[in-house]
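# Examination of the molecular architecture
Listed below are the residues making up each chain.
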Amino acid sequence: MLTHLSPQRFVNRIADYAGADKWHFKCTQATIIVFHTDKHLYAKGFRDAYDPLKTEYPDIQTYEVITNEDPDIAKAYDITDFPATMFITAQGKVHIVQGYLSPAEVIGDIKKYLLNT
């Protein structure tokens, strides 16, 4: 299950998205943030791609930003197509994939962007 990030929680845990250092991430471990609207939660298969991650990859932090509730976070990172998935390495490198991802695509992107396998 994804942990919801309010704007304040995003600033405390991830980065100051409204500041000059918005690309300086506080994460010290691999992190995935899914940006979506509240309607995406009910799309068939949406949760299937992300809910198993906590069990399969316990060292990767998983979060969500509900963009119709907190649109400024997505705007700060030029995310305009939802859902979108932000992969952040422990070293702070970022890759953003916009659009729906299947469970296999999420696993593939974890291996590609976070685990480098």
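For the structure, see preceding data.
These lines cover the structure that appears in this document, whether it is placed above or below. Here the structure is a predicted model, which means the values were calculated and not measured. (Residues numbered from 1 in each chain as written. Predicted model: local features only at pLDDT ≥ 70, side-chain atom pairs only at ≥ 80, totals over all residues. Heavy atoms only, no water.)

### Considerations on the overall build of the chain
Secondary structure assignment for the chain yields five helices and five strands. When its helices and strands are written in sequence order, the chain yields β-α-β-α-α-β-α-β-β-α. Its C-alpha atoms give the chain a radius of gyration of 13 Å, within 12% of the compact-globule value 13 Å for 117 residues. Of all intrachain contacts in the chain linking residues separated by at least 6 positions in sequence, the fraction that spans at least 24 positions is 65%. Approximately 6200 Å² of the chain is accessible, and the part contributed by carbon and sulfur atoms is 51%. (Helix = DSSP H or I, 4+ residues; strand = E, 2+ residues; numbered from the N terminus. Rg over C-alpha atoms; globule rule 2.2 N^0.38 Å. Contact = heavy atoms within 4.5 Å. Areas by Shrake-Rupley, 256 points an atom, 1.4 Å probe, with all protein chains shown as cover.)

### Regarding the environment of Arg 13
Among the secondary structure elements, Arg 13 is positioned in helix H1 (residues 7–13). Here Arg 13 falls in the partly exposed class, since its relative accessible area comes to 37%. Sequence separation between Arg 13 and Lys 39 is 26 residues; the distance between their C-alpha atoms is 25 Å. (Buried < 20%, exposed > 50% of the residue type's maximum accessible area, 1.4 Å probe, protein only.)

### A few points about the sheet that holds strand S4 (residues 84–88)
The strand order across the open sheet built from five strands is S1-S3-S2-S4-S5, with neighbouring strands paired in mixed fashion. Strand pairing shows two members of the sheet lacking a second neighbour, strand S1 (3–4) and strand S5 (94–98), which therefore form its edges. Pairing geometry for strand S2 (residues 31–36) and strand S3 (residues 61–66), over six bridges, is parallel. In the strand pairing of S3, Ile 32 is matched with Thr 62. Against the sheet, helix H5 (residues 103–114) engages S2, S4 and S5, with an angle of about 30 degrees to S4. (Pairing = 2+ DSSP bridges. Axes fitted to C-alpha atoms, helices over the stretch in contact; angles between N-to-C directions.)

### Quick notes on H5
With 12 residues, H5 should cover 16 Å at 1.5 Å per step; its first-to-last C-alpha distance of 16 Å lies within 8% of that length. By the burial criterion, the buried members of H5 are Val 106, Asp 109, Ile 110, Tyr 113 and Leu 114. Within H5, the buried residues cover an arc of 110 degrees as seen down the axis, which keeps them to one side. Facing away from the buried surface of H5 by more than 90 degrees, the exposed residues are Ala 104 and Lys 112. In this structure, the buried side of H5 is in contact with S2, helix H2 (46–50), helix H3 (53–56), S4 and S5. Phi turns positive, to about 50 degrees, at Asn 116, one or two residues after H5. (Expected span 1.5 Å × (residues − 1). Arc of directions from axis to C-beta.)

### With respect to unusual backbone geometry
Glycine aside, the phi torsion of most residues is negative, and most peptide linkages are trans. Pro 83 follows Phe 82 through a cis peptide bond whose omega is 0 degrees. Position of Pro 83 among the secondary structure elements: in the loop between helix H4 (71–76) and S4. Positive phi values are uncommon outside glycine, yet Asp 78 reaches one of about 55 degrees. Locating Asp 78 in the fold gives a position in the loop between H4 and S4.

### As for the nonpolar core
The biggest cluster of nonpolar side chains holds 20 residues, and the ones touching the most others in it are Phe 10, Ile 14, Phe 25, Ile 33, Phe 35, Tyr 77 and Met 86. Of all the secondary structure elements, the ones that give two or more residues to this core are H1, S2, S3, H4 and S4. Beyond its immediate stretch of four places on either side in the chain, Ile 14 contacts Leu 5, Arg 9, His 24, Phe 25, Lys 26, Cys 27, Thr 31, Ile 33, Tyr 63 and Ile 88. Counting 17 residues, the second-largest nonpolar core is a separate cluster that includes Ala 30, Phe 46, Leu 53 and Tyr 57. (Core = buried A, V, L, I, M, F, W, Y, C linked by side-chain atoms within 4.5 Å.)

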